[in-house]
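Geometric and topological summary
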Amino acid sequence: MRWIVFLARKLARLIVLLAAVSVIAFTLVSLSPIDPIDAYIGADMLSIGLEQRAQIAARWGLDQPAPVRFLNWLEQLAQGNLGFSRVYNQPVSQAIGYRFATSLALMGVAWTVSGLLGFMLGVVAGAAEGSWFDQAIRLYAYTLASTPLFWMGLLLLTVFAVWLKMAPFCCAAPVGMLPEDVTLWQRLQHLALPAATLSIIGIANMALHTRQKMLDVMHSDYVLMARAMGESPWGVIRQHALRNVALPAVTLQFASLGELFGGAVLAEQVFSYPGLGQATILAGLQGDVPLLLGIVLFSTVFVFSGNTLADLIYQIVDPRIRLAEG
């Protein structure tokens, strides 16, 4: 019963959140200075007459007021239909599904690498406070935590793709090859630089946060008591520090999903990586309202699911949370 109540509350919050996000996103898109008809026509804007513009507007439902278009979109959404994308000329669900599969590999690798390495570096730096290793980690973290992600991407692209020629310039696969002909090694080669760009920045944030929590634990009374009783440094870390540091790290790692998604948008633009981030940029520039709203809803569910999963992991890592909720 406790789990049913927990999931019911989460579901209710998600529904309210999606409703608010839908209204705000549609309002902002409607107030955008970009004319979706002009964006759809493109370079042939001057050769299109008023009658043809009216036909295009009627074809995509752009001749109706914004509230009517929003209600029509809600009606389609209630039927499980996210609409049709003008940019990709296919249903929004298909456009999102195909490109999210590409972005998932990028975000998954970056999220895992940044979380594990950042956590380990933070634990070591906090346990060895004041050492040269601690100073080196802090220098690395403070420098890269304030580094713009797109600048880091351009730097890696210049060094490894232009100067050293060790990595491809762009895309998720060699240009001109059919998807079924692309090997796993080729996909990993094209994934390396975008994933490294996201990971380097993510490692810095996780290392700084974990180091500070580690210092709080190492200076606590129960750790001092354990040291006074002859506990070894590794025993103190393993028995007393790791579990207390793990909870804040889990919180930060799952809370970073939204930041990770935003970073993927920039990384995919720098490396021309055909994922969901690049689709977001195209949808905004082309005024593709159904695709943009679909991506907003999808990213909201994605981030909310990560936070919910973090709440579930809390209860596994720390039994005190289960007892408190019980």
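Structure shown above.
My aim in this report is to walk through the structure given alongside it, one point at a time.

Counting secondary structure elements, the chain contains 14 helices and two strands. The C-alpha extent of the chain, read off along each of the three principal axes, is 85 × 60 × 35 Å. Out of the 326 residues in the chain, the part that is buried amounts to 39%. Across the chain, every contact between residues at least 6 apart in sequence was considered, and the portion connecting residues at least 24 apart equals 73%.

A few words now on a nonpolar patch on the surface. A contiguous nonpolar patch, built from F160, V162, W163, L164, M166 and F169 and spanning about 660 Å² of accessible area, is present on the exposed surface. By the secondary structure assignment, W163 is in helix α7 (residues 149–163). Taking relative accessible area as the criterion, W163 reaches 62% and is therefore assigned exposed.

Here we come to helix α10 (residues 233–255). With 23 residues, α10 should reach 33 Å at 1.5 Å per residue; the first-to-last C-alpha distance of 31 Å fits that figure. A maximum bend of about 50° is found in α10 at A241. Listed in full, the buried residues belonging to α10 are G235, V236, I237, A241, V245, A246, L247, P248, A249, V250, Q253 and F254.

Turning to its location among the elements, T210 is positioned in helix α8 (residues 184–218). Classification of T210 by relative accessible area gives buried; the value is 1%. Among the polar contacts made by the side chain of T210, one reaches the main-chain carbonyl oxygen of M206 at a distance of 2.8 Å. What T210 contacts, discounting residues up to four positions off in sequence, is G118, F119, G122, V123, V245 and A249.

This brings us to the packing of helix α9 (residues 221–228) against α10. The interhelical angle for the contact between α9 and α10, taken along N-to-C directions, is 170°, at an axis separation of 10 Å. Classified by the interaxial angle, the pair formed by α9 and α10 is roughly antiparallel. Every residue of α10 that contacts α9 at Y222, V223, A226 and R227 is listed here: V236, H240 and N244. Per-class residue counts for the contact of α9 with α10 are four nonpolar, two polar and one charged.

Before going further, it helps to examine the packing of aromatic side chains. Enumeration according to the criterion identifies six aromatic pairs in this entry. Both rings, one in F100 and one in F298, keep their centres 4.6 Å apart while their planes meet at 75°; by these two values the pair is edge-to-face. Within this pair, whereas F100 is found in helix α5 (residues 92–127), its partner F298 is found in helix α13 (residues 289–317), the two being separated by 198 residues in sequence. Since its relative accessible area comes to 27%, F298 is described here as partly exposed.

On to helix α1 (residues 2–30). Over its 29 residues, α1 runs 42 Å from end to end, which matches the ideal 42 Å to within 8%, given 1.5 Å per residue. Of all the residues in α1, the buried ones are F6, K10, L14, V21, S22, A25, F26 and V29.

Time to look at the pattern of salt bridges. Per the stated rule, a full pass over the model turns up two salt bridges. Where R138 meets D134, a salt bridge forms, and the shortest distance between an N and an O atom there is 3.8 Å. On the criterion of helical spacing, the pair formed by R138 and D134 is a turn pair, its members being four residues apart in helix α6 (residues 132–145). Residues D134 and R211 are paired through a salt bridge, measuring 2.7 Å at the closest nitrogen-oxygen approach. Separated by 77 residues along the polypeptide, D134 in helix α6 and R211 in helix α8 bring together distant segments of the chain. Both residues of the pair, D134 and R211, count as buried.

This brings us to the packing of α5 against α10. Running from amino to carboxyl end, α5 crosses α10 at an angle of 140°, the nearest separation of the two axes being 11 Å. Between α5 and α10, the crossing angle belongs to the class labelled oblique. As for how α5 packs across α10, the hand of that crossing is right-handed. Contacts from W111, S114, G115, F119, V123 and A127 of α5 reach α10 at I237, L242, V245, A246, A249, Q253 and F254. When its residues are assigned to classes, the contact of α5 with α10 shows 10 nonpolar, three polar and no charged.

Calculation criteria
Residues numbered from 1 in each chain as written. Predicted model: local features only at pLDDT ≥ 70, side-chain atom pairs only at ≥ 80, totals over all residues. Heavy atoms only, no water. Helix = DSSP H or I, 4+ residues; strand = E, 2+ residues; numbered from the N terminus. Buried < 20%, exposed > 50% of the residue type's maximum accessible area, 1.4 Å probe, protein only. Contact = heavy atoms within 4.5 Å. Patch = residues over 30% accessible without salt bridge, like charges linked within 9 Å, V, L, I, M, F, W, Y side chains within 5 Å. Areas by Shrake-Rupley, 256 points an atom, 1.4 Å probe, with all protein chains shown as cover. Salt bridge = Lys/Arg side-chain N within 4 Å of Asp/Glu carboxyl O. Expected span 1.5 Å × (residues − 1). Bend = angle between axes of the 7 residues up to and from the residue. Polar contact = N/O pair within 3.5 Å; in protein donor to acceptor, adjacent residues only side chain to side chain. Axes fitted to C-alpha atoms, helices over the stretch in contact; angles between N-to-C directions. Parallel < 35°, antiparallel > 145°, perpendicular 65-115°, else oblique. Nonpolar A, V, L, I, M, F, W, Y, C, P; charged D, E, K, R; others polar. Phe/Tyr/Trp six-rings, centres within 6.5 Å; stacked < 30°, edge-to-face > 60°. Left-handed = near helix turned anticlockwise from the far one by under 90°.

The analysis is restricted to geometry; functional conclusions fall outside its scope.
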